[in-house]
Amino acid sequence: MRARQLEVFCTLMRAGTVTGAAAMLNISQPALSQILLHTEDQLGFKLFDRVRGRLVPTQEAQELYTQAEHIFGELDTLKRRTVDMRHGRTGLVRLAASAPPSMSIVPQALARFREAHPDIVVRSLIASQQSIVEMLLQGEVSLGITMNDLPQQGIAAETIGHVELVCVLPQRHRLAQQGHIGLRDLAGEALISYRLDTLQGRLLAVAAEADDLPYAPAIEIDLSITALPFVREGLGIAIVDGLLPWRQFDGIVTRPFTPSIQVPIAILTSKERALSQSHEWMRDCLRAANLDRAAAGTD
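Here the structure is a predicted model, which means the values were calculated and not measured.

Engineer: How should I be thinking about the packing of helix α1 (residues 3-15) against helix α3 (residues 29-43) in this particular structure?
Structural biologist: To characterise two packed helices, one gives the angle between the axes of the helices and the distance between these axes. At their nearest, the axes of α1 and α3 sit 10 Å apart, and the two run at 110° to each other. One finds that α1 runs roughly perpendicular with respect to α3. Residues Arg4, Gln5, Val8 and Leu12 of α1 lie in contact with α3, whose contacting residues are Leu32, Ile35, Leu36, His38, Thr39 and Gln42. Of the residues in the contact of α1 with α3, the class split is five nonpolar, four polar and one charged.

So this is what it looks like as structure tokens:
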């Protein structure tokens, strides 16, 4: 049976008359009768006998009805779900973010999104840059937000802002009294910062070379949040992005790093897959949240 035939059959079983079923389906009686006759021709057996103006289900119809009603109910659920999705009342948004935006931009974006679309489920993941790219390419997520906008095969990158690198150090450290901290100030200090194969690491290496200084972290990281426990334990001073809400963590302070080095904030999507309406809305919320962040001067 096709979906329309299934709908007619189940409605006839419920109504018991062609007149009642036609009214429920908002079609003419001749049209309904034609669908029924065509269905019986395809099946090769009768579904109803006419007895004194009523339709009496045959034994075959009785046997089919339980399963048909279940399938029809599933189709009805699917129909209602697609209508809800079209009007933004349901769906699933799959988002992956690296740690800095996941702790700063994403929560604000999610608050905006949930206010406007409370029935849409959001699946939010924290992952590394490379993992986010892989998930986008494999279709496991539809949106990514990272601290890297360099071209990658199959990935579209939209730069929505920039954030400066900062120094993170223990609150009672001697350098905490300075307004700015540069690499020369860190002579003799253990440096905690990015690996050279990261965008941030390459930018720092170029800045160090320009000042004829080495860039040689004693502790290498690829996610800025991993520097937090090391700084707290007094293992060194970190140069990391300023996007994380560092002021929320006790026992540390941040100071601007000189020379100023900015790293991008980018929304990543797959070039092979169009975004659903729900994901378009979430992308708008990410853009707006980043604008709010920049306006508040949290870089």
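Engineer: Honestly, a nonpolar patch on the surface in this entry has me stumped. Any pointers?
Structural biologist: A contiguous nonpolar surface patch, about 240 Å² in accessible area, is contributed by Ile71, Leu75 and Leu78. Along the chain, leucine 78 turns up in helix α4 (residues 59-86).

Engineer: For this particular structure, what's the right way to read the packing of aromatic side chains?
Structural biologist: Ring pairs (aromatic) are described by centroid distance and by the angle formed between their planes. The final tally for this structure, using the stated rule, is three aromatic pairs. Ring geometry for tryptophan 246 and phenylalanine 249: centres 6.1 Å apart, planes at 65°, overall edge-to-face. With respect to burial, tryptophan 246 and phenylalanine 249 carry one shared label: buried. Through pairs of rings, three or more aromatic residues link up here, namely Phe9, Phe48 and Tyr65.

Engineer: Where do I start with the nonpolar core in this structure?
Structural biologist: For soluble globular proteins, the rule of thumb is that nonpolar side chains tend to be buried together. Counting residues in hydrophobic clusters, the biggest one holds 54 residues, and the most contacted among them are Ile145, Ile239, Val240, Trp246 and Leu286. In terms of residues, this core owes the most to one element, strand β6 (residues 155-170), which gives seven residues. Among the nonpolar cores identified, the runner-up in size contains 19 residues, and Leu6, Cys10, Leu55 and Ala68 belong to it.

Engineer: Explain the pairing of strand β8 (residues 191-194) to me, please; I cannot follow it from the model alone.
Structural biologist: Residues in a regular strand project their side chains so that they alternate between the two faces of the sheet. Relative to strand β10 (residues 237-241), β8 is paired through two bridges, and the arrangement is parallel. Of the residues in β10, the one forming a bridge with isoleucine 192 is alanine 238. Where β8 lies against strand β9 (residues 219-221), three bridges are found, and the strand directions are parallel. Counted as the bridge partner of isoleucine 192 is isoleucine 219 from β9.

Engineer: Would you take a moment to explain α1 for this structure?
Structural biologist: Think of an α-helix as turning once every 3.6 residues; residues three or four places apart then point the same way. Between its terminal C-alpha atoms α1 stretches 18 Å, which fits the 18 Å expected from 13 residues at 1.5 Å a residue. Phi for glycine 16, located one or two positions after α1, is positive at around 85°.

Engineer: How should I be thinking about unusual backbone geometry in this particular structure?
Structural biologist: With glycine set apart, most residues show a phi of negative sign, and most peptide bonds adopt trans. Cis peptide bonds are those with omega within 30 degrees of zero, and the linkage from threonine 258 to proline 259 qualifies with 5°. Following the sequence through the fold, proline 259 ends up in the loop between β11 (252-258) and β12 (262-270). Positive phi, close to 60°, is recorded for asparagine 26, a residue that is not glycine. As for its placement among the helices and strands, asparagine 26 is situated in the loop between α2 (18-25) and α3. A relative accessible area of 71% means that asparagine 26 is categorised as exposed. Positive phi values are uncommon outside glycine, yet aspartate 212 reaches one of about 55°. Topologically, aspartate 212 is positioned in the loop between α7 (199-210) and β9.

Thresholds applied
Residues numbered from 1 in each chain as written. Predicted model: local features only at pLDDT ≥ 70, side-chain atom pairs only at ≥ 80, totals over all residues. Heavy atoms only, no water. Axes fitted to C-alpha atoms, helices over the stretch in contact; angles between N-to-C directions. Helix = DSSP H or I, 4+ residues; strand = E, 2+ residues; numbered from the N terminus. Parallel < 35°, antiparallel > 145°, perpendicular 65-115°, else oblique. Contact = heavy atoms within 4.5 Å. Nonpolar A, V, L, I, M, F, W, Y, C, P; charged D, E, K, R; others polar. Patch = residues over 30% accessible without salt bridge, like charges linked within 9 Å, V, L, I, M, F, W, Y side chains within 5 Å. Areas by Shrake-Rupley, 256 points an atom, 1.4 Å probe, with all protein chains shown as cover. Salt bridge = Lys/Arg side-chain N within 4 Å of Asp/Glu carboxyl O. Phe/Tyr/Trp six-rings, centres within 6.5 Å; stacked < 30°, edge-to-face > 60°. Buried < 20%, exposed > 50% of the residue type's maximum accessible area, 1.4 Å probe, protein only. Core = buried A, V, L, I, M, F, W, Y, C linked by side-chain atoms within 4.5 Å. Pairing = 2+ DSSP bridges. Expected span 1.5 Å × (residues − 1).

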